[in-house]
Amino acid sequence: MLGSDAPAILAANGLGSIGAVAQGIGTIAGLLLWGFGLWWLALATLITIRYWRAGIPFNLGWWGYTFPLGVYTVATFKLGATLQLGFFGIVGTFLTIALAAMWLLVGAKTVAGGWRGNLFVSPCIATPN
């Protein structure tokens, strides 16, 4: 976002020639950060699958997946609009579906755990040593 706005902002301050350079640097930085986000998403998915199979219990920390996934989804769509590449639109659509599924899963488990009353209990505090 900063890279796309840089030419107009810098031109308004008498630095128009630097605007195109700043825009290019912003686009390259966006692509690098998007790649890093893809690496994070792959690792988070593989680690979650591993522990899901081992029977990891649900806790409120699962909500920590929704925010980064949402930001990554929006960044994917914005990068696709900036570069005018349909690839990012397809990936963004897939990420939107994954985000909606994650919200539904975590939301349902939160409501179920709150209804049963076991979600807000800390075993390490509840049992005296």
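Parameters at a glance
- Residues numbered from 1 in each chain as written.
- Predicted model: local features only at pLDDT ≥ 70, side-chain atom pairs only at ≥ 80, totals over all residues.
- Heavy atoms only, no water.
- Helix = DSSP H or I, 4+ residues; strand = E, 2+ residues; numbered from the N terminus.
- Phe/Tyr/Trp six-rings, centres within 6.5 Å; stacked < 30°, edge-to-face > 60°.
- Buried < 20%, exposed > 50% of the residue type's maximum accessible area, 1.4 Å probe, protein only.
- Contact = heavy atoms within 4.5 Å.
- Polar contact = N/O pair within 3.5 Å; in protein donor to acceptor, adjacent residues only side chain to side chain.

### Some points on unusual backbone geometry
Phi is mostly negative for residues that are not glycine, and the peptide bonds are mostly trans.
For step 1, the next point in the chain: Positive phi is not limited to glycine here, since Q84 has a value of about 55 degrees.
For step 2, the next point in the chain: Among the structural elements, Q84 can be located in the loop between helix 3 (66-83) and helix 4 (86-116).

### Observations regarding the packing of aromatic side chains
For step 1, the next point in the chain: If you walk through the whole model with that rule in mind, you get seven aromatic pairs.
For step 2, the next point in the chain: Between the aromatic rings of W34 and F87, the centroid separation amounts to 6.3 Å while the plane-to-plane angle is 75 degrees, which identifies the pairing as edge-to-face. Of the two residues, W34 is situated in helix 2 (residues 16-53) and F87 in helix 4; the sequence distance between them amounts to 53 residues.
For step 3, the next point in the chain: Under the relative-accessibility criterion, W34 is labelled buried at 12%.
For step 4, the next point in the chain: Pairing F58 with W62 gives two aromatic rings, centres 4.9 Å apart and planes at 80 degrees, and the pair type is edge-to-face.
For step 5, the next point in the chain: Put simply, the rings of W34, Y72, F87 and F88 touch in pairs and so form one group of aromatic residues.

### Quick look at the side chain of T66
For step 1, the next point in the chain: With respect to the helices, strands and loops of the structure, T66 is situated in helix 3.
For step 2, the next point in the chain: Aside from chain neighbours lying at most four places away, what touches T66 is L99, M102 and W103.

### Focus: the side chain of T110
For step 1, the next point in the chain: Tracing the sequence through the fold places T110 in helix 4.
For step 2, the next point in the chain: In this structure the side chain of T110 is engaged in a polar contact, spanning 2.9 Å, whose partner is the side chain of W63.
For step 3, the next point in the chain: In this structure T110 touches F58, L60, W63 and L119, once residues within four positions along its chain are discounted.

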